[in-house]
Amino acid sequence: MSEIFRLWKGALTFDTPTFTALSESGDAFRKGFMVLLLVGLLVGLVNGGVQLAQTLSYGSATGEMQAVLGQIEQGMQQGFSIARQYGAEIDPQVEAMISENLKYGFKIAEDAAKVPTPLPWPWGSIFEFLGSTASVPFAWLSSLVLYGIFVHIFARALGGQASVGQFFGSIALARAPHLISVLHFIPCVGPLLGVLAAIWGFLIYIKATAVSQRFGYGRALVAFLLPLIVLFLLLALFVLFMVIVISLTSAGQG
Amino acid sequence: MLGNLWRLCWRALFLREDAYEEMRDTPGPFGRGLLFIILLGAIVAAIGVVGASLEWATTPDMGQLGQAVMQSWMKGPWVQDMPPEALSYVQQTFDTTFNVMKNFTPNPVMGLANIVLNPVGLIIAWLVYGLLAHLFARLLGGQGRLEQTYGTTALAVSPVALNVFKVLPYVQIGGLALWGTVCNYLAIKSAHQLSPARAFWATVLPFVVLFLLFIIVALLGALIFGAFFASLVQGGMQ
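Residues numbered from 1 in each chain as written. Chains lettered and ligands numbered in written order. Predicted model: local features only at pLDDT ≥ 70, side-chain atom pairs only at ≥ 80, totals over all residues. Heavy atoms only, no water.

**Considerations on the side chain of Thr152(B)**
Cut-off, in case you're wondering: Helix and strand assignments follow DSSP, with helices taken as H or I runs no shorter than four residues and strands as E runs no shorter than two, numbered in order from the N terminus. Only heavy atoms enter the contact rule, under which two residues are in contact if any of them lie within 4.5 Å.
Looking at the element boundaries, Thr152(B) is found in helix α7 (residues 146-155). Not counting residues within four places of it along the chain, the set of residues in contact with Thr152(B) comprises Tyr20(B), Met23(B), Arg24(B), Ala187(B) and Ala191(B).

Now the structure itself:
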């Protein structure tokens, strides 16, 4: 556990010996994955716990459903109000029709929430909390591996020397700053901290790529950006192809 | 032997190349790989029964849910303006939808069936992928024997072990297929002692072939069904 904490701390402070030692340890991916797993579980536990506490405060399945539906209705009213502020003309009849249909839709949802389950409320919410907590690190892992595969390919093409395990273990540390996402539930401050964690994580990703691949930060940045650039170019080519096809088709019809 | 298999699984899971090399050099890698997949698939599925049962215990019965939704829907103002045929059609649609949903809701029986179905599915995927990967690896200059490819690619199934988290209900284990692909890369690289670039292509090309086969089969299926229905329609008209 102390080793995981040392890795987490070293990643946050961009400590080069920490990244070098991890890369050369021969067990880099397990160690990096453990950091990601623990940070993910803590974030899931706190944010899921806050949500669970709120759910339990509703007192019943019907109460929970009513609260959710109330939030949807409030959101819709706010949407209408913002649209009016920006000069949109909303027919009162249309608004009344939407509200009435919504009311009946809510009634259906409330009746559905009353259907009994073998275990009573709030066990479903408690189990969902457990499931969502354990799912957080794996959601992080899938994006990390998906993008990481392409970064690793480009890094190797640029002269990088990391093995797959060394590279993935190192970039897993990019999730270290996301521990501050445990404060995500705080209004306004939470999302801002999320942005801060993302920037911090990006810088750790570049550092991890440079150290594990044994090249400079410039090449690490290029390796990181190249998958995005290639994807953008492919999309642009596809759009161009579609425009040409549509133009030719319309010209042929004309 | 079993203890050694689990230690290999742990190291292979965390992308340790020495685990794949050990499997390559071990006697009878195919048999060991097969045993490993059967045990891993069955154990993970058995653990998953707990999660599936807890999900079932907190999910309403789809038949009852369908009835509740239908009854509530019938109280809406739209019902007055609807002809009886349309109402009957809606009723049928509701019934069909909730009957289909029944098949996707978790239940302990399906969880128990997975103790057999999960290893069978893993073995089929392993046999097909292993054979294609071996062919491409050999085409690209690989030196490994078929049983070595099967031995190492069996270890690449290791990320499935993380499904033990499915002991918890409603958990989503993302990224295992990608992780498995990275493991397959190491497996093929080790079995055939290929360069990283060649090992990459030997890993990816089987997926390309399988994707193309899927497209061809889907197109052929669409053509056959199309011709079948066309003949039915023509027969009906005559």
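**A few points about the interface of chain A and chain B**
The test is simple: Accessible area that two parts lose when put together, with a 1.4 Å probe and added across both, is what the buried area reports. Here a salt bridge means any side-chain nitrogen of Lys or Arg lying within 4 Å of a carboxyl oxygen belonging to Asp or Glu. For this analysis, a polar contact is any N or O atom pair within 3.5 Å, provided that within protein one partner can donate a hydrogen and the other can accept it, and provided that sequence-adjacent residues contribute only side-chain to side-chain pairs. When residue character is reported, Ala, Val, Leu, Ile, Met, Phe, Trp, Tyr, Cys and Pro are called nonpolar, Asp, Glu, Lys and Arg charged, and the others, Gly included, polar.
Contacts between the two partners involve 40 residues from chain A, matched on the other side by 40 residues from chain B. Between chain A and chain B lies a buried interface of about 3200 Å² when both sides are counted; carbon and sulfur atoms form 79% of it. Of all residues in chain A, Ile108(A), Phe127(A) and Phe138(A) bury the most surface against chain B, accounting for 18% of the area lost on that side. On inspection of chain A and its partner chain B, the count reaches one salt bridge. Note that Asp27(A) is salt-bridged to Arg16(B), the shortest N-O span being 3.7 Å. Counting across the interface, chain A meets chain B through four residue pairs in polar contact (both at pLDDT 80 or more). If you list the elements that add at least two residues to the side of chain A that touches chain B, you get α3 (28-57), α5 (92-113), α6 (123-157) and α7 (164-171) of chain A. The element contributing the most residues to the side of chain A that touches chain B is α6(A), with 17 residues. Grouping the constituent residues of the side of chain A that touches chain B by class yields 23 nonpolar, 10 polar and seven charged.

**Observations regarding α6(A)**
Note the following rule: Take the number of residues in a helix, subtract one, and multiply by 1.5 Å to get its expected span.
With 35 residues, α6(A) extends 52 Å between its outermost C-alpha atoms, agreeing within 8% with the 51 Å of an ideal straight helix rising 1.5 Å per residue. Just downstream of α6(A), Gly159(A) is the residue with a positive phi angle, here 105°.

**Quick look at the packing of aromatic side chains**
Quick reminder of the rule: For this analysis, a ring pair means two rings from Phe, Tyr or Trp (six-membered ring only for Trp) whose centres lie within 6.5 Å, classed as stacked if their planes differ by under 30 degrees, edge-to-face if by over 60, and tilted for the remaining angles. Burial here depends on accessible area, computed with a 1.4 Å probe over protein chains only, as a share of the maximum for the residue type. Under 20% is buried, over 50% is exposed, and the range in between is partly exposed.
One pass over the structure, following the stated rule, counts 27 aromatic pairs over all chains. Look at Phe29(A) and Phe33(A): their rings are 6.2 Å apart centre to centre, the planes differ by 35°, and that puts the pair in the tilted class. Here Phe29(A) and its partner Phe33(A) are both found in helix α3, four residues apart, which amounts to about one turn of the helix. No difference in accessibility class separates Phe29(A) from Phe33(A), as the two residues are buried. Cluster of aromatic residues (ring-pair linked, three or more members): Phe29(A), Phe33(A), Phe167(A), Phe168(A), Trp10(B), Phe14(B) and Trp179(B).

**Things to note about a nonpolar patch on the surface**
All names here are of chain A. Which entries qualify depends on this criterion: Exposure above 30% relative accessible area and no salt bridge define the residues that can form patches, which grow by joining like charges within 9 Å and nonpolar side chains of Val, Leu, Ile, Met, Phe, Trp and Tyr within 5 Å. Method for areas: the Shrake-Rupley scheme with a 1.4 Å probe, in which residue coverage is limited to the protein chains shown.
A cluster of nonpolar side chains, namely Val 195, Ile 199, Phe 202, Leu 203, Leu 221, Leu 225, Leu 228, Ile 229, Phe 232 and Leu 233, defines an oily patch on the protein surface of about 880 Å² accessible area. Of all the secondary structure elements, the ones that give two or more residues to the nonpolar patch are α8 (189-213) and α9 (217-253). Broken down by element, the residue count for the nonpolar patch peaks at six residues, all from α9. The residue Leu 228 is located in helix α9 in this model. The class of Leu 228 is partly exposed, set by a relative accessible area of 43%.

**Thoughts on the packing of helix α2 (residues 17-25) of chain B against helix α8 (residues 176-192) of chain B**
Residues and elements named next belong to chain B. Cut-off, in case you're wondering: Helix axes are fitted only over the stretch in contact, all axes being lines through C-alpha atoms; the angle between N-to-C directions runs from 0 to 180 degrees. Roughly parallel here means an angle under 35 degrees, roughly antiparallel means over 145, roughly perpendicular means 65 to 115, and every remaining angle is called oblique. Crossings are classed by handedness, with left-handed meaning an anticlockwise turn of the near helix from the far one by less than a right angle and right-handed meaning a clockwise turn.
One can describe the packing of α2 onto α8 by two numbers: an axis separation of 9 Å at closest approach and a directional angle of 50°. Between α2 and α8, the angle is such that the two are oblique. When you trace α2 past α8, the crossing you get is right-handed. Note on element contacts: α8 touches α2 through Cys 183, Leu 186, Ala 187, Lys 189, Ser 190 and Ala 191, opposite Glu 17, Tyr 20, Glu 21 and Arg 24. When its residues are assigned to classes, the contact of α2 with α8 shows five nonpolar, one polar and four charged.

**A short note on the layout of surface pockets**
Spelled out, the test is: Computed over the protein atoms alone on a 1 Å grid, cavities are sets of points where a 1.4 Å probe fits but cannot get out and pockets are open sets with protein on both sides within 12 Å along at least five of seven lines; a residue lines them when it has an atom within 4 Å of a point. Grid points are joined across faces, edges and corners, and a volume is the space filled by probe spheres set on the points.
By volume, the largest pocket amounts to about 650 Å³. Among the secondary structure elements, those contributing two or more residues to the lining of the largest pocket are α6 and α7 of chain A together with α8 and α9 (196-237) of chain B.

**Thoughts on unusual backbone geometry**
Residue Pro122(A) is reached from Trp121(A) by a cis peptide bond, and omega for that bond is 10°. Tracing the backbone shows Pro122(A) in the loop between α5 and α6. Even without being glycine, Arg214(A) reaches a positive phi, approximately 60°. The residue Arg214(A) is located in the loop between α8 and α9 in this model. A positive phi angle, close to 60°, is found at Leu15(B), a residue other than glycine. Tracing the backbone through its elements, the reader meets Leu15(B) in the loop between α1 (2-13) and α2.

**What to know about the pattern of salt bridges**
Using the criterion set out here, one finds 12 salt bridges over all chains in the structure. Between Lys31(A) and Glu3(A) there is a salt bridge, and its shortest N-O distance comes to 3.1 Å. With Lys31(A) in helix α3 and Glu3(A) in helix α1 (residues 2-12), the pair connects residues that are 28 residues apart, well separated along the chain. For Lys31(A), a relative accessible area of 13% translates into the label buried. Note that Arg84(A) is salt-bridged to Glu95(A), the shortest N-O span being 2.2 Å. Of the two residues, Arg84(A) sits in helix α4 (residues 61-85) while Glu95(A) sits in helix α5, which places them 11 residues apart along the sequence. Linked by salt bridges that have partners in common, Asp27(A), Arg30(A), Arg11(B), Arg16(B), Asp18(B) and Glu22(B) make up one network.

**Re the nonpolar core**
Put simply, the rule is: By convention a nonpolar core is built from buried Ala, Val, Leu, Ile, Met, Phe, Trp, Tyr and Cys residues, the set being connected through side-chain atoms within 4.5 Å.
With 86 residues, the main nonpolar core has Phe168(A), Leu173(A), Leu15(B), Ile37(B), Leu155(B) and Trp179(B) as its most contacted residues. In this structure, Ile108(A), Ala68(B), Val79(B) and Val90(B) belong to the second largest nonpolar core, which totals 14 residues.

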